[in-house]
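The primary structure of each chain is shown beneath.
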Amino acid sequence: MPDLLPFLISGLGVGAVYALSGVGLVVLYRSSGVLNFAFGALGAVAAYVAWSALDHDWPLALAALAAVVTSVAISLTYGRLLAPRLAERESTVRSIGTLGLALVVLGFTEWFWGEQPRRLVLPTDAGAIEFADVRLTYTRVLGLAAAVSMMAAVGLLLARTRIGLAMRALADQRALSSILGIRVLQVDTAAWVISGAFAGVCGLLLANIVRLQATVLTFLVIPAFAAAIIGRLSSLPVTVAAGLIIGMLEAVAVLVPGLAPFRSATPFVIALLAIVLWRDASRKA
Amino acid sequence: MTPDSIRRERRAARLALLRMVFVVLALGALVPWLANAYWIKTLTSSLALAIAAAGVALLYGQLGLVSLCQYSLLGVGGWVALRVGHGLHWPFEACVVAGGLSAGVVGMLAGLPALRMKGLYLALVTLMLAGGFQVVISATGFPDGGAGFLGRISGSERLMLPRPALAQGEGAYFAYVAAWLAAMLALLELHRRTRAGRSWALIRRGEAVAEGAGVNVLLYQTWAFGLAGVCAGVAGALLSGAVGQLDGRAFAASESVMLFALSLIGGAYYWAGALVAGLLLRAVPSLLVDLGVNGYLAMVFFGAALLHALITAPRGLAGQWLAAFQRRAAKGRA
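No experiment lies behind these values; they were computed from the predicted model shown.

Peer 1: Explain the overall build of chain B here, please?
Peer 2: A count of helices and strands for chain B gives 13 helices and zero strands. When the elements of chain B are put in sequence order from the N terminus, they spell out α-α-α-α-α-α-α-α-α-α-α-α-α. Scaling as 2.2 N^0.38, a compact globule of 334 residues should have a C-alpha radius of gyration of about 20 Å, and chain B matches this with 20 Å. Its C-alpha atoms give chain B principal-axis dimensions of about 70 × 45 × 45 Å. The burial tally for chain B puts 50% of its 334 residues in the buried class. Sequence separation of at least 24 residues holds for 77% of the intrachain contacts in chain B that already meet a minimum separation of 6.

In structure tokens form, the structure reads like this:
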């Protein structure tokens, strides 16, 4: 029996990003009924902005801020200008609309920055801490910390604040909430902003862990859908747990003989099992 | 005794079907005369993909179902066609039929969850399937004449799947693919006009409605998925015949998403929409490269077109053009 711990810890890095993306997707879906296919593309454009900023010798904090502001701005623009035009249609069509946004953003990014793959090297990559024979760079530690604190913040926001209450109300009954005087557009806007910020942070982390290539980053969101599906597109804690577990299982799958080339299929298999086994939940969506 | 008006309608419908087949066949006969070898190749894959797009359009247009794994089914069809072509040396037509039927069966299986879940969850299930297929096919690759079940060759040159005996050249193969496209479009159109189409229309209204009207929902919904799968499989087999082999890395989940998006842009309610989708997938990017425009700008354009189609033109480009044409014809009569 080989020692599992190092693999579990290295899987935690990707798992945290899956969890973070899953939460970003679920928050938006819960309040506006849109499953954001452009999540990965927003992350990609954020990562490229950070790369350019660092290239111009900006400090890391400022570069990261610029990146997140970019993804928030695009998300907000779409959420305010285009998404309302589809608001009357069924959930599928509203979600397919973000596919259009994904293509626009992806195409622009690939065109503007060129398609040669690069890595987003952050100044925090230099230092590292050793933990159970695994070298964790400060970037990963910071990323994990950011992921945990952002998820906690959103959890608190939904549970304790007025706008969180409004978001939950919107998720349950959109039309009724608007009759009760909840400002639907305002709450929608908040959801798009939060989702955009999550996309930006995820993009930065993934560009560092995997590589900086727009197409790759855009479709790395597909495994994150798996986490969101297991959370049944509504539960944040389950989504977080699912994201972490998927990341760790994917890392551990390297150890199983013959399974290594197929290990990136882990999220899809888990999501399919979850959908098939939880029959009642999936019916109403 | 059938009233005259109905008889006129029926004749018009029959004529429209014939016109469709004739237009596609005429395309197949004319293009090889007009285009150079590069463009014939590009247009050949466009026509093959149009068959797959017709399947996507069938599911979305008739039943309102979003399937994001049709390009993977194309891969399934291509895999089976290459496997039986290399392993059993079947004639090409038999390879295409085998590819189509097996992709149809897989499509039916993929559609089974649709009996339980609608809308977004179905899109997600199929997206997960496409993601899984991407991982598997890029690890195993496509058969290319080797031994064993996977049929992978190692050490020597990859073998090519021989083309059909009656279409060896580029131009002849283009016409051959056009003939398949015409046949598949006619098959779908005949489905739409008969019992199957009426059942689909009722299912779209609501399953309870359909059930109440005596429609076998299980049968007809699964049938639609199977039919869409057959379209994708035939397209995959024809594509593998065009080049002689397929590349496992070319079947990413993103391709399925793209195929769906472009089928919607083309128009899911009219046969020409599939043709437009095929051209958008292969011919338009080549055209832009010819003109010196970056291929990724085409993607920006596609994204904008998808939003435009969803918001203002739900019937797609083909539907929009057709409506404009009909308006002009009506003005001409008046």
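Peer 1: Honestly, the overall build of chain A in this entry has me stumped. Any pointers?
Peer 2: Helix and strand counts for chain A stand at 13 helices and two strands. For chain A, the C-alpha atoms occupy an extent of roughly 55 × 50 × 35 Å along the three principal directions. Taking all 285 residues of chain A together, the buried fraction comes to 52%. Here the contacts in chain A between residues at least 6 apart in sequence split such that 75% fall between residues at least 24 apart.

Peer 1: Looking at this structure, I do not really get the interface of chain A and chain B. What am I missing?
Peer 2: Buried accessible area, meaning the area lost when the parts come together, often serves as the stated size of an interface. Listed by partner, the interface residues are 40 residues for chain A and 33 residues for chain B. At the level of secondary structure, the elements contributing two or more residues to the side of chain A that touches chain B comprise α4 (91–113), α10 (221–230), α12 (266–277) and α13 (279–283) of chain A.

Peer 1: Help me out: how do you make sense of the environment of Gln62(B) in this one?
Peer 2: All names here are of chain B. Relative to the elements of secondary structure, glutamine 62 occurs in helix α2 (residues 37–63). Using a count of 24 C-beta atoms within 10 Å as the deciding quantity, one classes glutamine 62 as buried. A sequence separation of 162 residues divides glutamine 62 from alanine 224, and the C-alpha atoms of the two residues are 8.9 Å apart.

Peer 1: Would you mind showing me how to read the confidence of the model for chain B here?
Peer 2: Any residue range with low pLDDT should be treated as having predicted coordinates unsuitable for detailed reading. Per-residue pLDDT for chain B averages 85, and the proportion of residues at 70 or more is 96%. Confidence estimates for the predicted assembly give a pTM of 0.87 and an ipTM of 0.84.

Peer 1: Just to check I follow, could you spell out helix α2 (residues 39–55) of chain A for this structure?
Peer 2: Each α-helix winds once per 3.6 residues, and so residues spaced three or four apart point in a common direction. Residues and elements named next belong to chain A. Here α2 contains 17 residues, and its C-alpha end-to-end distance of 24 Å stays within 8% of the 24 Å for a straight helix at 1.5 Å per residue. With 14 of 17 residues buried, α2 lies mostly within the body of the structure. Aspartate 57 occupies a position one or two residues after α2 and carries a positive phi of about 65°.

Peer 1: Honestly, unusual backbone geometry in this entry has me stumped. Any pointers?
Peer 2: Apart from glycine, the bulk of residues carry a negative phi angle, and the bulk of peptide bonds sit in the trans form. Unusually for a residue other than glycine, Arg232(A) sits at a positive phi of about 50°. Its place among the elements puts Arg232(A) in the loop between α10 and α11 (236–252). Overall, Arg232(A) belongs to the partly exposed group, with 18 C-beta atoms counted inside 10 Å. A positive phi angle, close to 55°, is found at His89(B), a residue other than glycine. Counting through the fold element by element, His89(B) comes out in the loop between α3 (70–87) and α4 (92–111).

Peer 1: Would you take a moment to explain the packing of helix α1 (residues 4–34) of chain B against helix α6 (residues 170–193) of chain B for this structure?
Peer 2: In helix packing, the relevant descriptors are the interaxial angle and the interaxial distance, both defined with respect to the helix axes. Residue and element names in this part refer to chain B. The interhelical angle for the contact between α1 and α6, taken along N-to-C directions, is 165°, at an axis separation of 8 Å. When the axes of α1 and α6 are compared, the pair comes out roughly antiparallel. When the axes of α1 and α6 are compared, the crossing they make is right-handed. Mapping the contact onto sequence places Ala13, Leu17, Met20, Val21, Val24, Leu25, Leu27, Gly28, Ala29, Val31 and Pro32 in α1 and Gly171, Phe174, Ala175, Ala178, Ala179, Leu181, Ala182, Leu185, Ala186, Glu189 and Arg193 in α6. Residues belonging to the contact of α1 with α6 are distributed by class as follows: 18 nonpolar, two polar and two charged.

Peer 1: Quick question: what am I supposed to make of the confidence of the model for chain A here?
Peer 2: Residues and elements named next belong to chain A. A residue-level look at chain A finds 94% of positions with pLDDT of 70 or above and a mean pLDDT of 82. Predicted confidence in chain A is weakest over α13, with a mean pLDDT of 50, and strongest over helix α3 (residues 60–82), with 91. A low-confidence stretch, residues 281–285 stays under pLDDT 50, and its non-local contacts, those more than four residues away or across chains, total twelve contacts.

Peer 1: So what exactly am I meant to see when it comes to the packing of helix α11 (residues 271–290) of chain B against helix α13 (residues 316–333) of chain B here?
Peer 2: All names here are of chain B. Contact geometry of α11 with α13 gives a least axis separation of 7 Å together with a crossing angle of 125°. On the basis of the axis angle, α11 is oblique to α13. Taken as a pair, α11 and α13 cross one another with a handedness that is right-handed. Here Ala272, Gly273 and Val276 of α11 lie close against α13, whose contacting residues are Gly316, Leu317, Ala318 and Gly319. Taken together, the residues that form the contact of α11 with α13 break down as four nonpolar, three polar and no charged.

Peer 1: Teacher, can you tell me more about the environment of Val69(A) here?
Peer 2: Within the fold, Val69(A) resides in helix α3. Judged by the 15 C-beta atoms lying within 10 Å of it, Val69(A) falls in the partly exposed class.

Peer 1: I keep staring at the environment of Leu185(A) and nothing clicks. Help me out?
Peer 2: All names here are of chain A. Structurally, the position occupied by leucine 185 is in helix α8 (residues 184–209). With 13 C-beta atoms packed within 10 Å, leucine 185 lands in the partly exposed category. With 115 residues separating them in the primary sequence, leucine 185 and threonine 70 have C-alpha atoms 21 Å apart.

Peer 1: I tried to follow α11(B) on my own but got confused; where do I start?
Peer 2: All names here are of chain B. With 20 residues, α11 should cover 28 Å at 1.5 Å per step; its first-to-last C-alpha distance of 28 Å lies within 8% of that length. The principal kink in α11, of about 45°, is found at leucine 280. Every buried residue of α11 is accounted for by Trp271, Ala272, Gly273, Ala274, Leu275, Val276, Ala277, Gly278, Leu279, Leu280 and Leu281. Along its buried surface, α11 packs onto α1, α2, α6, α10 (253–266), α12 (295–311) and α13. Where α11 terminates, the next one or two residues include glycine 292, which has phi positive at roughly 80°.

Thresholds applied
- Residues numbered from 1 in each chain as written.
- Chains lettered and ligands numbered in written order.
- Predicted model: local features only at pLDDT ≥ 70, side-chain atom pairs only at ≥ 80, totals over all residues.
- Helix = DSSP H or I, 4+ residues; strand = E, 2+ residues; numbered from the N terminus.
- Rg over C-alpha atoms; globule rule 2.2 N^0.38 Å.
- Buried ≥ 20, exposed ≤ 12 C-beta atoms within 10 Å, placed from the backbone.
- Contact = placed C-beta atoms within 7 Å.
- pLDDT = per-residue confidence, 0-100.
- Expected span 1.5 Å × (residues − 1).
- Axes fitted to C-alpha atoms, helices over the stretch in contact; angles between N-to-C directions.
- Parallel < 35°, antiparallel > 145°, perpendicular 65-115°, else oblique.
- Left-handed = near helix turned anticlockwise from the far one by under 90°.
- Nonpolar A, V, L, I, M, F, W, Y, C, P; charged D, E, K, R; others polar.
- Bend = angle between axes of the 7 residues up to and from the residue.

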